[in-house]
Amino acid sequence: MKKTSGIDRSITKKWRPATQAVRGGTWRSEHGETSEALFLTSGYTYDNAQTVADRFSGDADGMTYSRLQNPTVAMLEERIALMEGADACRAQASGMAAMTTALLCQLQAGDHVVAARAAFGSCRWLVDNLLPKFGIETTVIDSAVDEEWERALRPNTKVFFFETPANPTLDIVDLKHVCDVARANGVTTVVDNAFATAALQRPLEWGADVVAYSATKLMDGQGRVLAGAVCGSQEFIDEKLLPFQRNTGPNCAPFNAWVVLKGLETLSLRAHKQSENAMALGKFMEGRVPHMLHPGLPSHPRHELAMRQMDACGPIFSFVVEGRAQAHAILDALELIDISNNIGDARSLMCHPASTTHANMGAEAREEMGIPEGLLRINVGLEDIDDLKEDMDRALSAGGL
Ligand SMILES: *Cc1c(COP(=O)(O)O)cnc(C)c1O
């Protein structure tokens, strides 16, 4: 197969992000198709025995089995790496497959991990339950207090793991500070960049080592498939991630990879327009809602830092009302915005984390993470902002606000 986008990556690498989003990683078959082809195949055939022997020995490039390589998945991986500014990327079956792979591929019994306390529920489960089960020590800190990272260091600390903005509290981690502390102490940073994506925030530019994704969210952007990705240096991907992935198989299905490739073409447009809508809706609600958790508003304790690290605020913010009854009343009065625990979609979606995504962890753990009973999280979509304001206005009134 010929890469008509330029066989030499030194050419494609020079393209600017908007160009990468629609062309990066494109390989064309002998048919010269415009849109990326979908290769639904688990295996490959060979012209002769030596060809396959050379591929297995690593002496020749080429596909051997779709747990190891697939052309559609490879196009997605190259496009994400180019957008991220990373040496390499490997697609995963889901965001959680990506987080699990990014951590387990480089950790072993006796190692220590420092993680942010505000995190996606399953990311906290990895830190609180899975890693300790395999003899990996973990410390959970308030990631918004810069000194806590250094304070939590131990001689055996191997990884800092965090997301920024964090789900669902919208805590912002100082990427430069935390990556500097990590570098100075030989620690690898693993950043979950699902809330921003490369369209709004590129952690590698601030010194991060590994960027991991739920591509289910903004990258797909239309709520269709589960997918994930891990980006890093060639050495990290080849020596740490690949041996783990090849032998455990958390791979992204070709169909899902193809859907995400299509999503990436419009990622930047969507991320910026949804951020614009999130700003307008946030301003409309401020003052009327008791407490806003919105990185785009000056009332956010780390607003300036967020705007320094990010090109725009992103489509997701949270706000806190009095309690569960009021939060549920607001959700039940929505006519346009859907009650849904998904994010990153072009549709506006709202959820109550304490009774859904963060219900299992119990009230005490939610308290520690900063998730009160009255917290509501919204993903602002691409609908007309006036329709969104009218729906929010009606729902807040119904909730007594
Ligand atoms: C959704 C999400 C995940 C998990 O991704 P899946 O694709 O659902 O497995 C991880 N981290 C963050 C921040 C998320 O929002």
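Given the structure is predicted, the values throughout are model-derived calculations rather than measurements.

Caption draft 1: A look at helix α4 (residues 71-84). With 14 residues, α4 extends 20 Å from end C-alpha to end C-alpha; this agrees with the ideal 20 Å at 1.5 Å per step. Between the side-chain oxygen at the start of α4 and the backbone nitrogen of Thr-72 there is a gap of 2.9 Å, and the oxygen is on Asn-70. Gly-85 sits one or two positions beyond α4 and adopts a positive phi of about 80°.

Caption draft 2: View of the pairing of strand β7 (residues 228-232). Where burial is concerned, most of β7 is hidden: five out of the five residues are buried. With five bridges connecting them, strand β1 (residues 88-92) and β7 associate as antiparallel partners. Looking at β7, one finds that Arg-90 is bridged to Val-230. Relative to β7, strand β6 (residues 210-214) is paired through four bridges, and the arrangement is antiparallel.

Caption draft 3: Inspection of helix α13 (residues 324-332) at higher detail. Within α13 the residues assigned to the buried category are Gln-326, Ala-327, Ile-330 and Leu-331. Angular distribution of buried residues about the axis of α13 spans 140°; they occupy a single face of the element. Counted as exposed and oriented over 90 degrees from the buried face of α13: Ala-325 and Asp-332. In this fold, the buried residues of α13 make contact with β10 (338-339), β11 (349-351), β12 (375-379) and α15 (385-398).

Caption draft 4: Spatial organisation of the packing of helix α11 (residues 267-285) against α15. Interaxial distance between α11 and α15 falls to 10 Å at its minimum, and their mutual angle equals 35°. Judged by the sense of rotation from one axis to the other, the crossing of α11 with α15 is right-handed. In this structure, α11 uses Asn-277, Ala-280, Leu-281, Phe-284 and Met-285 to contact α15, whose residues at the interface are Ile-385, Leu-388, Lys-389, Met-392, Asp-393 and Leu-396. Here the contact of α11 with α15 is composed, by residue class, of eight nonpolar, one polar and two charged.

Caption draft 5: Region of interest: the environment of Phe-134. In this structure, Phe-134 sits in the loop between α6 (121-133) and β3 (137-141). Owing to a relative accessible area of 47%, Phe-134 belongs among the partly exposed residues under this scheme. Linking Phe-134 and Asn-342, residues 208 residues apart in sequence, is a C-alpha distance of 30 Å.

Here is what the cut-offs are and how they apply
Residues numbered from 1 in each chain as written. Predicted model: local features only at pLDDT ≥ 70, side-chain atom pairs only at ≥ 80, totals over all residues. Heavy atoms only, no water. Helix = DSSP H or I, 4+ residues; strand = E, 2+ residues; numbered from the N terminus. Expected span 1.5 Å × (residues − 1). Polar contact = N/O pair within 3.5 Å; in protein donor to acceptor, adjacent residues only side chain to side chain. Buried < 20%, exposed > 50% of the residue type's maximum accessible area, 1.4 Å probe, protein only. Pairing = 2+ DSSP bridges. Arc of directions from axis to C-beta. Contact = heavy atoms within 4.5 Å. Axes fitted to C-alpha atoms, helices over the stretch in contact; angles between N-to-C directions. Left-handed = near helix turned anticlockwise from the far one by under 90°. Nonpolar A, V, L, I, M, F, W, Y, C, P; charged D, E, K, R; others polar.

The values reported here are purely geometric and, on their own, carry no functional implication.
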